[in-house]
2 protein chains.
Amino acid sequence: MGDFKPLPSKELHKNFLEKVVELLFNTVVFTTRKDKVLLWRSPEDLLKEFDFELGQNGESQEKLIQVLKNTVKFSVKTGHPYFVNQLFSGLDPYGLAAQWLTDALNASVYTYEVAPVFTLMEQHVINEVCKMVGLEWGDGMFCPGGSFGNGTAINLARFSRFPQVKKSGSKNLPDLVMFTSEECHYSIFKFASFLGLGEEAVIKLKTDEVGKIVPDDLEQNIIKYKDKNVVPLMVVATMGTTVRGAFDPVAEISAICKKHGLWLHVDAAWGGGLLFSQRYRTKLNGIELADSIVINPHKLLAVPQQCSLLLVRDKNLLHSCHSRGAEYLFQRDKYYDSKYDVGDKYLQCGRKCDVFKFWFMWKAKVAPQIKMVMANHGSVMLNYQPLKSLPNFFRFVSQNSSLTRNDIDFILDHIAEIGDALFLD
Amino acid sequence: MGDFKPLPSKELHKNFLEKVVELLFNTVVFTTRKDKVLLWRSPEDLLKEFDFELGQNGESQEKLIQVLKNTVKFSVKTGHPYFVNQLFSGLDPYGLAAQWLTDALNASVYTYEVAPVFTLMEQHVINEVCKMVGLEWGDGMFCPGGSFGNGTAINLARFSRFPQVKKSGSKNLPDLVMFTSEECHYSIFKFASFLGLGEEAVIKLKTDEVGKIVPDDLEQNIIKYKDKNVVPLMVVATMGTTVRGAFDPVAEISAICKKHGLWLHVDAAWGGGLLFSQRYRTKLNGIELADSIVINPHKLLAVPQQCSLLLVRDKNLLHSCHSRGAEYLFQRDKYYDSKYDVGDKYLQCGRKCDVFKFWFMWKAKVAPQIKMVMANHGSVMLNYQPLKSLPNFFRFVSQNSSLTRNDIDFILDHIAEIGDALFLD
């Protein structure tokens with residue numbers, strides 16, 4: 001592999017990082033409406049134009065800066081005001097600052113000794129968000145995305161009813177079904193398979209004209225399956241469905257769940273950010289009745305990717321369901337109270353710190369500013385997809401807090417212009 | 001919530017971010033041996049000394065800078081040469097630069113249109129690492145940690161043998177067992193529970209005096225369970241066990257797996273980085289015989305947290321096992337070849353880009369430099385834990401590439417001085 005260059009000195013590294021920061025400021029962080037969201041290339045063209053190759057020898061710092069420039073050039077600027085393609089966007093400078101600090105510390109959050117500030121901060125934020133949901137709420141965990149949180153909730157529901165599954169598996173359980181909206185997020189099906197329940201155990205409930213679960217359909221299904229000696233395990237209600245932003249009637253669903261002994265999980269990955277909105281908090285009425293909830297602060301609250309929370313009403317359940325007591329991490333003879341080591345309630349071992357950016361944005365009080373912008377916009381819904389019997393429609397998601405009314409007019413004008421393509425010049 | 005301040009201008013944000021970068025350079029990125037790894041506080045003291053509270057109003061930029069300073073002050077500097085506590089450490093400036101760019105672009109990697117460069121780059125890196133394992137290797141995915149990768153491999157093994165499990169679940173499957181070292185990572189047990197197999201389905205194999213699986217014990221167990229009409233599903237071999245760094249004899253294990261029809265997964269989260277070492281590549285001999293492999297570049301290769309790869313020999317398996325075809329993301333009538341949209345082979349939906357830092361460090365060719373440092377150090381093993389019949393021992397993990405021989409002498413001297421405490425002053 002040839003001769004190696006001597007390791008560059010601190011000055012060389014510092015100089016390099018300073019150039020990188022300047023590049024990011026000028027080309028990514030502080031984009032304006034005059035810049036492009038994306039310089040579109042087809043995959044085949046980008047494979048020719050961008051040098052993906054990993055050679056035998058290291059590149060010079062000058063070349064590496066050019067590589068970074070090209071990466072930015074052909075990437076989507078998700079913080080651009082005209083990026084309204086997905087349920088996240090908007091680059092918040094406080095969130096970015098916190099993420100850069102997190103990276104520099106390169107913490108993995110499993111024990112107090114390795115991540116003292118972040119371990120206590122996670123618990124503080126979980127407690128605060130639990131309080132915003134309801135006084136009886138007990139615990140939570142950060143997840144690598146809402147899909148994983150939804151899957152974890154399904155497992156908690158199963159363990160809560162059949163605790164033997166942790167040790168001896170699901171083989172001696174009765175047949176189980178779970179109920180969710182026909183407009184639910186696809187992660188419910190993926191994780192039903194992963195957990196050994198199977199996609200067929202997920203029973204899709206009818207939705208009304210605005211996309212909400214019809215509670216009567218739920219109860220009729222529960223009775224139907226009970227009559228077949230199948231155990232109805234849980235309901236996954238959605239607050240903010242992926243496509244139409246519908247909020248299922250959680251209070252009514254909860255009453256049916258309580259009557260028939262079902263776990264209620266609320267997928268509020270999208271809508272849960274309304275906890276922070278005085279004006280729209282009522283959209284979440286009934287959420288406090290759930291047994292578990294997923295909320296993604298990286299969506300509506302514009303925290304940088306990723307920041308996803310699974311909240312659980314029962315304070316002890318995450319630990320009893322997930323703990324394993326590995327001695328090399330969670331020694332019981334530590335020189336501090338090992339109750340602060342929360343790692344064993346997680347399924348992940350090494351885990352990137354996702355709390356600091358959320359806590360820091362909250363400390364800087366960015367959320368209320370977002371709230372105000374949302375209030376001015378109202379709720380609108382650019383993506384396209386087929387919806388039931390209708391042809392493709394454009395899905396406009398206005399979570400981006402830097403959007404103005406003029407921007408929306410601009411985008412709508414452009415939709416007409418560009419016809420069947422998604423990207424704006 | 002009181003009056004809101006007007007949104008600060010670009011200049012205010014830029015000025016803030018510049019101060020943050022300067023702070024990080026001076027207190028985290030460029031630490032020296034004179035700085036402390038950690039200013040130790042007990043959890044109770046840190047709760048008093050650090051202001052975790054989230055008030056009703058936003059803080060000033062001056063106060064926020066102070067918050068960042070305190071966060072750094074009480075956090076562990078994982079890049080410090082004397083941080084040898086866990087299986088990751090060392091802050092690489094190219095890795096950090098790449099992570100900062102990733103954050104600024106705030107990409108989520110599921111479709112080509114949203115993350116064109118990173119989608120193609122993931123496939124390029126997966127292909128390159130597959131080639132380094134063996135020519136027949138076909139596919140892979142980035143995971144939020146090695147635990148998740150190991151769990152995914154268990155599910156792939158089950159799906160590969162019993163494809164009906166995706167739709168109809170595991171309820172009609174025969175009783176299953178899987179085999180792994182008694183010194184395996186605890187994630188195997190956590191995910192066996194999560195997947196509905198149960199901890200008891202994980203049969204622990206004996207290890208020899210250096211911590212390797214005894215192949216004869218494996219074969220005897222396979223025969224024993226077959227005789228009981230239990231299906232031996234798979235073996236999880238470990239290349240670089242968590243505590244002792246043992247490498248299981250994978251070639252011998254593979255022969256037994258092939259003879260009896262078992263899936264072979266290799267947990268090389270720790271040892272897999274040796275793919276990049278000319279001198280120690282032979283430690284991985286036999287890895288090419290596996291059906292799936294987990295490798296964590298954030299460990300031995302010092303890529304910033306997190307970067308974890310699951311490789312799969314069968315090119316089509318990830319897609320057939322995980323796909324769901326959600327129409328709002330993976331439309332079939334796109335204006336580019338939708339084979340470039342890899343998101344549906346994942347269990348995650350939104351997903352942080354973990355490839356760029358790895359690719360960029362590779363482009364800068366940091367890995368061979370690490371390799372040279374490793375060669376100079378040899379393999380040593382600071383953590384403590386009980387090991388079989390022995391009392392606690394200190395576990396010295398020398399993955400940190402900025403360690404010198406003098407550092408190790410310094411640390412060993414300090415162990416004697418500090419007796420039963422872990423942290424170095």
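Residues numbered from 1 in each chain as written. Chains lettered and ligands numbered in written order. Predicted model: local features only at pLDDT ≥ 70, side-chain atom pairs only at ≥ 80, totals over all residues. Heavy atoms only, no water.

## Examining the pairing of strand 1 (residues 139-143) of chain A
Residues and elements named next belong to chain A.
For step 1, the next point in the chain: Of all five residues in strand 1, five are buried; the element is thus mostly enclosed.
For step 2, the next point in the chain: Burial along strand 1 is two-sided: Asp 139, Met 141 and Cys 143 and Gly 140 and Phe 142, pointing in opposite directions, are all buried.
For step 3, the next point in the chain: Judged from the five bridges that link them, strand 1 and strand 7 (residues 308-312) form a sheet pairing that is antiparallel. By the bridge assignment for strand 7, Cys 143 is matched with Ser 308. (Buried < 20%, exposed > 50% of the residue type's maximum accessible area, 1.4 Å probe, protein only. Helix = DSSP H or I, 4+ residues; strand = E, 2+ residues; numbered from the N terminus. Pairing = 2+ DSSP bridges.)

## Brief notes about the sheet that holds strand 7 of chain A
All names here are of chain A.
For step 1, the next point in the chain: One open sheet holds the seven strands; their spatial order is 1-7-6-5-4-2-3, and the pairing between them is mixed. Among the strands making up the open sheet, the edge pair consists of strand 1 and strand 3 (202-205). Within the sheet, the average angular offset between the axes of one strand and its neighbour, ignoring direction, is 20°.
For step 2, the next point in the chain: Where strand 2 (residues 176-181) and strand 3 come together, four bridges link them in parallel fashion. (Axes fitted to C-alpha atoms, helices over the stretch in contact; angles between N-to-C directions.)

## Re the pairing of strand 5 (residues 263-267) of chain B
On a regular strand, each side chain points to the face opposite its neighbour's, so the side chains alternate between the two faces of the sheet.
All names here are of chain B.
For step 1, the next point in the chain: In terms of residue burial, strand 5 counts as a mostly covered element, since five of its five residues are buried.
For step 2, the next point in the chain: Residues Trp 263, His 265 and Asp 267 point to one face of strand 5 and Leu 264 and Val 266 to the other, with burial holding for every one of them.
For step 3, the next point in the chain: Of the pairings in the sheet, the one linking strand 5 to strand 6 (residues 292-295) comprises three bridges and is parallel in character. By the bridge assignment for strand 6, His 265 is matched with Ser 292.

## A short note on the packing of helix 1 (residues 10-29) of chain A against helix 1 (residues 10-29) of chain B
For step 1, the next point in the chain: With their axes 12 Å apart at the nearest point, helix 1 of chain A and helix 1 of chain B run at an angle of 155° to one another. Judged on the interaxial angle alone, helix 1 of chain B and helix 1 of chain A are roughly antiparallel. With respect to the hand of their crossing, helix 1 of chain A and helix 1 of chain B are arranged in right-handed fashion. In contact with Lys 14, Leu 17, Glu 18, Val 21, Phe 25, Asn 26 and Val 29 of chain A of helix 1 of chain A, helix 1 of chain B contributes Lys 14, Leu 17, Glu 18, Val 21, Phe 25, Asn 26 and Val 29 of chain B.
For step 2, the next point in the chain: Grouping the constituent residues of the contact of helix 1 of chain A with helix 1 of chain B by class yields eight nonpolar, two polar and four charged. (Parallel < 35°, antiparallel > 145°, perpendicular 65-115°, else oblique. Left-handed = near helix turned anticlockwise from the far one by under 90°. Contact = heavy atoms within 4.5 Å. Nonpolar A, V, L, I, M, F, W, Y, C, P; charged D, E, K, R; others polar.)

## Focus: the interface of chain B and chain A
For step 1, the next point in the chain: On the side of chain A, 154 residues touch chain B, which itself brings 154 residues to the contact.
For step 2, the next point in the chain: Surface buried jointly by chain B and chain A totals about 14,400 Å² across both partners, of which 66% is contributed by carbon and sulfur atoms.
For step 3, the next point in the chain: The tally of links between chain B and chain A comes to six salt bridges.
For step 4, the next point in the chain: Note that Glu 199 of chain A is salt-bridged to Arg 324 of chain B, the shortest N-O span being 3.4 Å.
For step 5, the next point in the chain: Taken together, the residues of the side of chain B that touches chain A sort by class into 79 nonpolar, 42 polar and 33 charged. (Buried area = accessible area lost by both parts, 1.4 Å probe. Salt bridge = Lys/Arg side-chain N within 4 Å of Asp/Glu carboxyl O.)

## As for the pattern of salt bridges
For step 1, the next point in the chain: Tallying each qualifying case throughout the model produces 28 salt bridges over all chains.
For step 2, the next point in the chain: Close ionic contact of Glu 183 of chain A with Arg 244 of chain A constitutes a salt bridge, the shortest N to O distance being 2.7 Å. In this pair, Glu 183 of chain A sits in the loop between strand 2 and helix 8 (187-194) while Arg 244 of chain A sits in the loop between strand 4 (231-238) and helix 10 (250-260), placing the two residues 61 residues apart along the sequence. For the pair Glu 183 of chain A and Arg 244 of chain A, a shared accessibility class is recorded, and that class is buried.
For step 3, the next point in the chain: Here Asp 344 of chain A ties to Lys 190 of chain B by a salt bridge, and the two come within 3.0 Å at their closest N and O atoms.

## Section: the nonpolar core
For step 1, the next point in the chain: Of all hydrophobic cores here, the largest spans 258 residues; its most connected members are Phe 118 of chain A together with Phe 118 of chain B.
For step 2, the next point in the chain: Those residues in contact with Phe 118 of chain A, other than ones at most four positions away along the chain, are Leu 101, Leu 105, Ala 107, Val 109, Cys 353, Val 355 and Phe 356 of chain A together with Thr 71 and Ser 75 of chain B. (Core = buried A, V, L, I, M, F, W, Y, C linked by side-chain atoms within 4.5 Å.)

## A few points about the side chain of Lys 166 of chain B
For step 1, the next point in the chain: With respect to the element layout, Lys 166 of chain B can be found in helix 7 (residues 165-168).
For step 2, the next point in the chain: In terms of polar contacts, Lys 166 of chain B uses its side chain to reach the backbone carbonyl oxygen of Ser 323 of chain B, at 3.0 Å.
For step 3, the next point in the chain: Filtering out sequence-adjacent residues up to four positions away, Lys 166 of chain B remains in contact with Ser 193, Gly 198 and Glu 199 of chain A together with Phe 159, Ser 320, Cys 321, His 322 and Ser 323 of chain B. (Polar contact = N/O pair within 3.5 Å; in protein donor to acceptor, adjacent residues only side chain to side chain.)

## Considering helix 10 of chain A
Because an α-helix packs 3.6 residues into every turn, residues spaced three or four apart end up facing the same way.
All names here are of chain A.
For step 1, the next point in the chain: For helix 10, the set of buried residues is Val 250, Ile 253, Ser 254, Ile 256, Cys 257 and His 260. Along the axis of helix 10, the buried residues cluster in a sector spanning 165°; they form a single face. Residues of helix 10 that are exposed and point over 90 degrees away from its buried face: Lys 258 and Lys 259.
For step 2, the next point in the chain: Next to the buried residues of helix 10 lie helix 9 (215-227), strand 4 and strand 5 (263-268). (Arc of directions from axis to C-beta.)

## A look at the relation of the copies chain B and chain A
For step 1, the next point in the chain: When chain B is fitted to chain A, the best match, at an RMSD of 0.0 Å, comes from turning it 180° and sliding it 0.0 Å along the axis. With respect to symmetry, the two chain copies, as superposed, fit the operation of a two-fold axis. Taking C-alpha positions as reference, the residue of chain B nearest the rotation axis is Leu 195 of chain B, located at 2.1 Å.
For step 2, the next point in the chain: When you check the interface residues of chain B against chain A, 100% turn up at the interface there too, and the contact is symmetric in its surfaces. (Least-squares fit on C-alpha atoms with pLDDT ≥ 70 in both.)

## Digging into helix 12 (residues 355-363) of chain B
For step 1, the next point in the chain: Of all nine residues in helix 12 of chain B, nine are buried, a share of seventy percent or more.
For step 2, the next point in the chain: Of the positions making up helix 12 of chain B, those classed as buried are Val 355, Phe 356, Lys 357, Phe 358, Trp 359, Phe 360, Met 361, Trp 362 and Lys 363 of chain B.
For step 3, the next point in the chain: Structurally, helix 12 of chain B contributes buried residues whose contacts are with helix 1 and helix 3 (61-73) of chain A together with helix 4 (93-105), helix 5 (116-133), strand 1 (139-143) and strand 7 (308-312) of chain B.
For step 4, the next point in the chain: After helix 12 of chain B finishes, the residue Lys 365 of chain B shows a positive phi value of roughly 60°.

## A closer look at the state of the cysteines
Residue and element names in this part refer to chain A.
For step 1, the next point in the chain: Under the counting rule described, the total for this entry stands at zero disulfides over all chains.
For step 2, the next point in the chain: Residue Cys 143 stays outside any disulfide, its sulfur separated by 10 Å from that of Cys 307, the closest cysteine.
For step 3, the next point in the chain: Cysteine Cys 353 is unpaired, with the sulfur of Cys 307 as its nearest cysteine sulfur at 9.1 Å.
For step 4, the next point in the chain: For Cys 353, a relative accessible area of 1% puts it in the buried group. (Disulfide = S-S within 2.5 Å.)

## Considerations on the UniProt feature "modified residue: N6-(pyridoxal phosphate)lysine" (unreviewed entry) in chain A
All names here are of chain A.
For step 1, the next point in the chain: In the numbering used here, UniProt assigns the feature "modified residue: N6-(pyridoxal phosphate)lysine" (unreviewed entry) to Lys 299.
For step 2, the next point in the chain: Among the secondary structure elements, Lys 299 is positioned in the loop between strand 6 (292-295) and strand 7.
For step 3, the next point in the chain: Classification of Lys 299 as buried rests on a relative accessible area of 16%. (UniProt positions renumbered as here; feature names shortened; annotations may be inferred.)

## Details of the packing of aromatic side chains
The way to describe two aromatic rings as a pair is by their centre distance and the angle between their planes.
For step 1, the next point in the chain: The tally for this structure, following the rule as stated, stands at 49 aromatic pairs over all chains.
For step 2, the next point in the chain: Judged by centre distance (5.8 Å) and plane angle (50°), the ring pair of Trp 40 of chain A and Tyr 336 of chain B falls under tilted. Separated into two different chains, Trp 40 of chain A in the loop between helix 1 and helix 2 (43-49) and Tyr 336 of chain B in the loop between helix 11 (317-322) and helix 12 make up a pair that spans both.
For step 3, the next point in the chain: Using a relative accessible area of 29% as the deciding quantity, one classes Trp 40 of chain A as partly exposed.
For step 4, the next point in the chain: In this structure, Arg 324 of chain A is placed above the aromatic ring of Phe 189 of chain B, and the distance from its NZ or CZ to the ring centre is 3.7 Å.
For step 5, the next point in the chain: A cation over an aromatic ring shows up here: Arg 351 of chain A above the ring of Tyr 346 of chain A, its NZ or CZ 3.5 Å from the ring centre. (Phe/Tyr/Trp six-rings, centres within 6.5 Å; stacked < 30°, edge-to-face > 60°. Lys NZ or Arg CZ within 6 Å of the ring centre and 35° of its normal.)

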